[in-house]
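Working through the structure, step by step
The residues making up each chain are set out below.
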Amino acid sequence: RNSFVRIGAAVGGNAGAFGQQSNQLSATPSLPYRVQAGVAWEAGRWTLAADLILLGPRQVHDNPELKAEGLDYLVIRNPVLNVSLGGELALGGGFAIRAGFFTDFASSDATRTDVDNTSHVNHYGLTLSGGLRTDHVRTDVGFTGWWGKGTDVIPKNLDFSFLARTDAKEYGLFVFLAT
């Protein structure tokens, strides 16, 4: 969008409603380029695969002239290399089980607090699924679990004027049915 409206209410001597509007905002995509290469090997009932994923550097600073109003947007991404490994075992009758491992390393700068992408948590994950393959349909049910450790930025006072890094841990579990 290219406009922003902020409405609020003041407390104290300047009681009453206030509004702020800014037009002509810009928004540049902040996702970096991605280059991925992989190999797969199949022998009998086994299939193994590996991928390397390079996420390139990217720096975006939209609306720096509106920094005083809090409407600028700064994202700095460093290059990272991720990996995914997986395997499948065909059990017969169209049934198969699959397992995999992947990384999702943080591309943010772990030392800066003045950027909008402050989370610097490196993630690792496992996936396990089973499914049925027919001539026309493939159905899988399984889960993906991930965990991560790193740092993030939190406010050290109530008006968010002083930000500091703190330790961060993240965990997640996704259950899926795909067909």
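This text goes with the structure placed above it.
Residues numbered from 1 in each chain as written. Predicted model: local features only at pLDDT ≥ 70, side-chain atom pairs only at ≥ 80, totals over all residues. Heavy atoms only, no water.

**Regarding the overall build of the chain**
When its secondary structure is counted, the chain shows zero helices and 11 strands. Along the chain, helices (α) and strands (β) appear in the sequence β-β-β-β-β-β-β-β-β-β-β when read from the amino end. Relative to its full complement of 179 residues, the chain shows a buried share of 27%. Nonlocal contacts in the chain, meaning residues at least 24 apart in sequence, comprise 51% of its contacts between residues at least 6 apart. With the model as given, the accessible surface of the chain reaches about 11,900 Å², and the carbon-plus-sulfur share is 60%. (Helix = DSSP H or I, 4+ residues; strand = E, 2+ residues; numbered from the N terminus. Buried < 20%, exposed > 50% of the residue type's maximum accessible area, 1.4 Å probe, protein only. Contact = heavy atoms within 4.5 Å. Areas by Shrake-Rupley, 256 points an atom, 1.4 Å probe, with all protein chains shown as cover.)

**Here we look at the side chain of Thr151**
The topology assignment puts Thr151 in strand E10 (residues 138–155). A polar contact of 2.9 Å, which involves the side chain of Thr151, links it to the side chain of Arg165. Excluding its chain neighbours within four sequence positions, the residues that come into contact with Thr151 are Ala110, Thr118, Ser119, His120, Val121, Arg165, Thr166, Asp167 and Ala168. (Polar contact = N/O pair within 3.5 Å; in protein donor to acceptor, adjacent residues only side chain to side chain.)

**Structural notes on the pattern of salt bridges**
The final tally for this structure, using the stated rule, is five salt bridges. With a shortest N-O distance of 2.7 Å, Glu88 and Arg98 are connected by a salt bridge. You can see Glu88 sitting in strand E7 (residues 80–92) and its partner Arg98 sitting in strand E8 (residues 95–104), a full 10 residues away along the chain. By relative accessible area, which is 12% here, Glu88 ends up buried. What emerges from the salt-bridge pattern is a single network uniting Glu88, Arg98, Arg133, Arg138 and Asp140. (Salt bridge = Lys/Arg side-chain N within 4 Å of Asp/Glu carboxyl O.)

**Focus on the side chain of Thr118**
In this fold, Thr118 is placed in the loop between E8 and strand E9 (120–133). Under the relative-accessibility criterion, Thr118 is labelled buried at 18%. Within the local environment of Thr118, its side chain forms a polar contact with the side chain of Asp152, the two groups lying 2.9 Å apart. Ignoring any residue separated from it by four or fewer positions in sequence, one finds Thr118 in contact with Thr151, Asp152, Val153 and Arg165.

**A word on the packing of aromatic side chains**
Here the structure, examined in full by the defined rule, presents three aromatic pairs. Summarising the aromatic geometry, the rings of Phe105 and Tyr124 are spaced 5.6 Å apart at their centres and angled 80° between planes, so their arrangement reads as edge-to-face. Of the two residues, Phe105 is situated in the loop between E8 and E9 and Tyr124 in strand E9; the sequence distance between them amounts to 19 residues. Exposure remark for Phe105: the relative accessible area of 25% places this residue in the partly exposed category. When its relative accessible area of 29% is taken as the criterion, Tyr124 is described as partly exposed. Between Trp146 and Phe174 the ring centres are 6.4 Å apart and the planes differ by 25°, which places this aromatic pair in the stacked class. A residue pair is termed long-range when its members are at least 10 positions apart, and Trp146 in strand E10 and Phe174 in strand E11 (residues 163–178) qualify at 28 residues. (Phe/Tyr/Trp six-rings, centres within 6.5 Å; stacked < 30°, edge-to-face > 60°.)

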